[in-house]
Amino acid sequence: MPMDKRSTFFYTIWKRLRRNAGAMAGLVFIGVCIFLGIFCYLVIPDATPNADRQIVEIGARKPGFRQLFLKLDKQRKVQRASLITRLLFGAEEDFTFLPISAYQTTQDSMIVSKYVDEGINERQVYAINQLPPAPITSKKFWLGTDKFGRDILSRLVVGIRVSLAVGLITVLISLSIGIVLGAVAGYFGGRIDDGIM
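Figured I'd write up the structure that's included with this text. These numbers were taken from a predicted model, which means no experiment stands behind them.

Procedures and definitions
- Residues numbered from 1 in each chain as written.
- Predicted model: local features only at pLDDT ≥ 70, side-chain atom pairs only at ≥ 80, totals over all residues.
- Heavy atoms only, no water.
- Helix = DSSP H or I, 4+ residues; strand = E, 2+ residues; numbered from the N terminus.
- Buried < 20%, exposed > 50% of the residue type's maximum accessible area, 1.4 Å probe, protein only.
- Polar contact = N/O pair within 3.5 Å; in protein donor to acceptor, adjacent residues only side chain to side chain.
- Salt bridge = Lys/Arg side-chain N within 4 Å of Asp/Glu carboxyl O.
- Axes fitted to C-alpha atoms, helices over the stretch in contact; angles between N-to-C directions.
- Parallel < 35°, antiparallel > 145°, perpendicular 65-115°, else oblique.
- Contact = heavy atoms within 4.5 Å.
- Nonpolar A, V, L, I, M, F, W, Y, C, P; charged D, E, K, R; others polar.
- Phe/Tyr/Trp six-rings, centres within 6.5 Å; stacked < 30°, edge-to-face > 60°.
- Lys NZ or Arg CZ within 6 Å of the ring centre and 35° of its normal.

### Some details on the side chain of glutamine 124
Residue placement: glutamine 124 occurs in strand β4 (residues 120-127). In this structure glutamine 124 comes out as buried when scored by relative accessible area, which is 17%. Separated by 3.0 Å, the side chains of glutamine 124 and glutamate 122 make a polar contact. Among the polar contacts made by the side chain of glutamine 124, one reaches the side chain of tyrosine 126 at a distance of 2.5 Å.

### Quick word on the pattern of salt bridges
Taken as a whole and judged by the stated rule, the model has nine salt bridges. Across the pair aspartate 146 and arginine 150 runs a salt bridge, and its minimum N-O distance is 2.8 Å. Each member of the pair aspartate 146 and arginine 150 is classed as buried. Here the salt bridges do not stand alone but share partners, grouping Asp46, Arg53 and Glu93 into one network.

### Quick look at the packing of helix α1 (residues 9-19) against helix α2 (residues 21-43)
Any two packed helices are characterised by the angle at which their axes cross and by the distance between the axes. Running from amino to carboxyl end, α1 crosses α2 at an angle of 100°, the nearest separation of the two axes being 5 Å. On the basis of the axis angle, α1 is roughly perpendicular to α2. Counting all contacts with α1, which are made through Trp14, Leu17, Arg18 and Arg19, the residues of α2 involved are Ala21, Ala23, Met24 and Leu27. In the contact of α1 with α2, the residues fall into six nonpolar, no polar and two charged.

### Examining the packing of aromatic side chains
Per the stated rule, a full pass over the model turns up six aromatic pairs. Plain terms: the ring middles of phenylalanine 9 and phenylalanine 10 are 5.6 Å apart, the flat faces sit at 70° to each other, and that makes the pair edge-to-face. On the basis of relative accessibility, which here comes to 59%, the residue phenylalanine 9 falls in the exposed class. Plain terms: the ring middles of phenylalanine 65 and phenylalanine 141 are 5.9 Å apart, the flat faces sit at 25° to each other, and that makes the pair stacked. In this pair, phenylalanine 65 sits in strand β1 (residues 65-73) while phenylalanine 141 sits in strand β5 (residues 136-141), placing the two residues 76 residues apart along the sequence. With respect to class, phenylalanine 65 is no different from phenylalanine 141; both count as buried. Directly above the ring of phenylalanine 97 sits arginine 53, whose terminal nitrogen or CZ lies 4.9 Å from the centroid. The ring centre of phenylalanine 95 lies 4.8 Å from the NZ or CZ of lysine 71, which sits over that ring.

Next comes the structure, spelled out in structure tokens:
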């Protein structure tokens, strides 16, 4: 006769877990962290490897900071990354991002005020035909930037992988040691069991 599902051990545990609001909130949080850890490079603003797009001119900015950028093609050919590579390691961007404070377009050129520091700008001129399509973009840094101008939110989300990996490795090591010691204590018993316990 098949055992009723409601009387199974796992169903009882799940029922008790569902009644504990703190445990359920923790379970949801861990689930979200695992999802973000797996798909981080597909959801973060800076999807370069290790979220390491450095723009030193905008270093150490407060949360909510917004900056205009001029996209410039890189001098070398950027190799296209497959979806798996992007998912696991991120991908190099096709453009260099130049921080600007203002821009003006003429018939054949774009004049920009390159942002150097607070109150310091440098005028630069670029030929329109050498710029990519839609060369002006604006980026918001929700948690600000670090001293190298890297997006803190992106680096924080990528860091979830490291935190989860450390936790998983710690649990696997302690589980392996616990199983071996428990097996030895149970098999030999007596003084060996007392010593291990």
